[in-house]
Number of protein chains: 2
Amino acid sequence: MDYYSKQITKLIAELSTLPGIGAKSAQRLAFHILDMPTEEVEDLANAMVSARKGVHYCKQCYTLTDDEICPICSNPARDQKVIMVVEDTKDLAAYEKTGKYEGVYHVLHGAISPMQGIGPADIKLKELMQRLQGDVDEVIIATNSSLEGETTAMYISKLIKPTGIKVSRIASGVPVGGDLEYIDEVTLLRALEGRTEL
Amino acid sequence: MDYYSKQITKLIAELSTLPGIGAKSAQRLAFHILDMPTEEVEDLANAMVSARKGVHYCKQCYTLTDDEICPICSNPARDQKVIMVVEDTKDLAAYEKTGKYEGVYHVLHGAISPMQGIGPADIKLKELMQRLQGDVDEVIIATNSSLEGETTAMYISKLIKPTGIKVSRIASGVPVGGDLEYIDEVTLLRALEGRTEL
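Residues numbered from 1 in each chain as written. Chains lettered and ligands numbered in written order. Predicted model: local features only at pLDDT ≥ 70, side-chain atom pairs only at ≥ 80, totals over all residues. Heavy atoms only, no water.

Trainee: I tried to follow the overall build of chain A on my own but got confused; where do I start?
Mentor: For chain A, the helix and strand inventory stands at seven helices and six strands. Order of helices (α) and strands (β) in chain A, N terminus to C terminus: α-α-α-β-β-β-α-β-α-β-α-β-α. Taken against the 2.2 N^0.38 rule, which gives 16 Å for 198 residues, the C-alpha radius of gyration of chain A at 22 Å runs more than 25% over that of a compact globule. When the backbone C-alpha atoms are referred to their principal axes, chain A occupies close to 65 × 45 × 35 Å. The buried share among the 198 residues of chain A stands at 42%. Of the contacts formed within chain A by residues at least 6 apart in sequence, a portion of 47% connects residues at least 24 apart. Of the side chains in chain A, 21 bear a positive and 29 a negative charge, and the two mean positions are spaced by 4 Å. (Helix = DSSP H or I, 4+ residues; strand = E, 2+ residues; numbered from the N terminus. Rg over C-alpha atoms; globule rule 2.2 N^0.38 Å. Buried < 20%, exposed > 50% of the residue type's maximum accessible area, 1.4 Å probe, protein only. Contact = heavy atoms within 4.5 Å. Lys, Arg positive; Asp, Glu negative; His and termini not counted. Charge placed at Lys NZ, Arg CZ, Asp CG, Glu CD.)

Structure representation (structure tokens):
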């Protein structure tokens, strides 16, 4: 790429290390940045660095936050006795967007994956068990519906069962608006197993 | 988006102003950045700011560069008498990737567009005409094959013709590997008009 001068080439190379940004997008982004007012570029750069530096885990639920305790955990309107266990902060955000969940969360930061060498000690599981020493009514396991997510859900439920705390798993099935014709067999079978009486 | 803490929300908002980065991608990028080592985030941020601050137009061809004269213009192996006129630095890069073009460039930074109120004075056209005072054999117009690109090509060729310098336009036609069935009619007609004897 010696047809661009040094700094442009470096910028394109840096941008193309980001996920989902290929060579073409990196180039388009670079030229967009070169075209932006300098102050806006500085704002963007500062947002990146200060978010990275300011962010850490919530002391209670381990979501990424720049507060000591995240806005959800510190919200008195949320039910602290219901804990939804998710794999990462993005999954938490997905449920928050529904606007209907009133409990709190626990972010594992991963899922158990023997294939990738990620064991129970590599995710925030010990921290979850510690939280369960407190006053908890229900743990809702909302790990992904993947092999790793299911393995993790199984593992957690086995761990919690002896404590007597209610453990539940979000339902698998046909997505709302989904056309059966295009749904894979495993999902179809899950939907059948999980059928509810009308 | 109050389910993320302030700095994360700000970072996502900043990232989603970039072209081709929607809400979902901005979120994915933000969490990737929060997961990167701090030094790497700083490198990326610095690359953006210093490229933006260091970059300006090449004094000869007006491409974006951080040198006084860009690497192409200052390369003694390039034929300074053949000038390819392109709309922007990305188009220059596209031709450089072919590795076959040995002349130099002139970057207009736009195309004439009466619809968008962009006239001949808004692009680096006066600067092109000034370059033609020197020793130039041919001007190859490689503006895009869009309405604006064609308008600009026409305008430039009319401007240059009286000087006696050879003016050419890159060919329009069916892309190599293109299937006629999927090519629009205008392109098919262009390809027919531009047919060459075998």
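Picking up after the structure, the text goes on.
Trainee: What's the story with the environment of Ala 45 of chain B in this structure? I'm lost.
Mentor: Counting through the fold element by element, Ala 45 of chain B comes out in helix 3 (residues 38-54). Residues Ala 45 of chain B and Val 174 of chain B, spaced 129 residues apart in sequence, show a C-alpha to C-alpha distance of 42 Å. With residues near it in sequence (within four places) discarded, Ala 45 of chain B still touches Ala 45, Met 48 and Val 49 of chain A.

Trainee: What should I look at first to understand the sheet that holds strand 6 (residues 166-169) of chain A in this one?
Mentor: Pairing between the strands of a sheet is mediated by backbone hydrogen bonds and can be parallel or antiparallel. Residue and element names in this part refer to chain A. The parallel open sheet is built from four strands, whose spatial order is 4-3-5-6. The open sheet has two edge strands with one neighbour each: strand 4 (103-107) and strand 6. Adjacent strand axes in the sheet meet at a mean angle of 25° when their direction is disregarded. Packing of helix 4 (residues 89-98) onto the sheet brings it into contact with strand 3 (79-86) and strand 4, and relative to strand 4 it is tilted by some 160°. Here helix 6 (residues 147-160) sits on the sheet and contacts strand 3, strand 5 (138-141) and strand 6; the angle it forms with strand 6, its principal contact strand, is near 170°. (Pairing = 2+ DSSP bridges. Axes fitted to C-alpha atoms, helices over the stretch in contact; angles between N-to-C directions.)

Trainee: What should I look at first to understand the interface of chain B and chain A in this one?
Mentor: Interfaces are often sized by the amount of accessible area the parts lose when they come together. Counting from both sides, the interface comprises 53 residues of chain B and, opposite them, 53 residues of chain A. Both sides together, the interface formed by chain B and chain A hides about 4,900 Å², and carbon and sulfur atoms give 70% of it. Run the count over chain B and chain A and you get two salt bridges. As a salt-bridge pair, Lys 53 of chain A and Glu 42 of chain B come within 2.9 Å of each other at their nearest N and O atoms. Across the contact surface, chain B and chain A share 12 residue pairs in polar contact (both at pLDDT 80 or more). For the side of chain B that touches chain A, the secondary-structure elements that each account for two or more residues are helix 1 (6-15), helix 2 (23-35), helix 3, strand 2 (64-65) and helix 4 (89-98) of chain B. Ranked by residue count, the leading element in the side of chain B that touches chain A is helix 3 of chain B, at 15 residues. Residue classes in the side of chain B that touches chain A are distributed as 27 nonpolar, 11 polar and 15 charged. (Buried area = accessible area lost by both parts, 1.4 Å probe. Salt bridge = Lys/Arg side-chain N within 4 Å of Asp/Glu carboxyl O. Polar contact = N/O pair within 3.5 Å; in protein donor to acceptor, adjacent residues only side chain to side chain. Nonpolar A, V, L, I, M, F, W, Y, C, P; charged D, E, K, R; others polar.)

Trainee: When you look at helix 6 (residues 147-160) of chain B in this model, what are you seeing that I'm missing?
Mentor: An α-helical turn contains 3.6 residues, so a residue and the one three or four places further along point in the same direction. Residues and elements named next belong to chain B. Taking 1.5 Å of rise per residue, 14 residues should cover 20 Å, and helix 6 covers 20 Å from first to last C-alpha, within 8% of that figure. Restricting attention to buried positions, one finds in helix 6 the residues Gly 149, Thr 152, Ala 153, Ile 156, Ser 157 and Ile 160. Buried positions in helix 6, seen along its axis, are confined to an arc of 130° and lie on one side of it. Those residues of helix 6 that are exposed and angled more than 90 degrees off the buried face are Leu 147, Met 154 and Lys 158. (Expected span 1.5 Å × (residues − 1). Arc of directions from axis to C-beta.)

Trainee: Would you mind going over the UniProt feature "zinc finger region: C4-type" (unreviewed entry) in chain A with me for this structure?
Mentor: Within this numbering scheme, the UniProt entry marks residues 58-73 of chain A as carrying the feature "zinc finger region: C4-type" (unreviewed entry). For the annotated span residues 58-73 of chain A, helix accounts for 0% and strand for 12% of the residues, and the straight-line distance between the end C-alpha atoms is 8 Å. (UniProt positions renumbered as here; feature names shortened; annotations may be inferred.)

Trainee: What should I look at first to understand the pairing of strand 5 of chain A in this one?
Mentor: Consecutive residues of a regular strand have side chains that alternate between opposite faces of the sheet. Residues and elements named next belong to chain A. Here strand 5 shows two buried faces, one formed by Glu 138 and Ile 140 and the other by Val 139 and Ile 141. Here four bridges tie strand 3 to strand 5, and the two strands are oriented parallel to one another. When the bridges of strand 5 are listed, Val 82 appears paired with Glu 138. Note that strand 5 and strand 6 share four bridges and pair parallel. What sits directly across from Ile 141, in strand 6, is Arg 169. The parallel pair strand 5 and strand 6 is bridged by helix 6, and the resulting crossover is right-handed. (Right-handed = clockwise from strand over helix to strand, strands pointing away.)

Trainee: What is the right way to read the packing of helix 2 (residues 23-35) of chain A against helix 4 of chain B from this model?
Mentor: How two helices sit against one another is set out by the angle between their axes and by the gap between those axes. At a closest axis distance of 11 Å, the pairing of helix 2 of chain A and helix 4 of chain B adopts a crossing angle of 145°. For the pair helix 2 of chain A and helix 4 of chain B, the sense of crossing is right-handed. Seen from helix 2 of chain A, the contacting residues are Gln 27, Arg 28 and Phe 31 of chain A; seen from helix 4 of chain B, they are Thr 89, Lys 90 and Lys 97 of chain B. Here the contact of helix 2 of chain A with helix 4 of chain B is composed, by residue class, of one nonpolar, two polar and three charged. (Left-handed = near helix turned anticlockwise from the far one by under 90°.)

Trainee: Got a minute to help me understand the environment of Ala 121 of chain A in this structure?
Mentor: By the element assignment, Ala 121 of chain A lies in the loop between strand 4 and helix 5 (125-131). When the C-alpha atoms of Ala 121 of chain A and Asp 88 of chain A are compared, they prove to be 16 Å apart, with 33 residues separating the residues in sequence.

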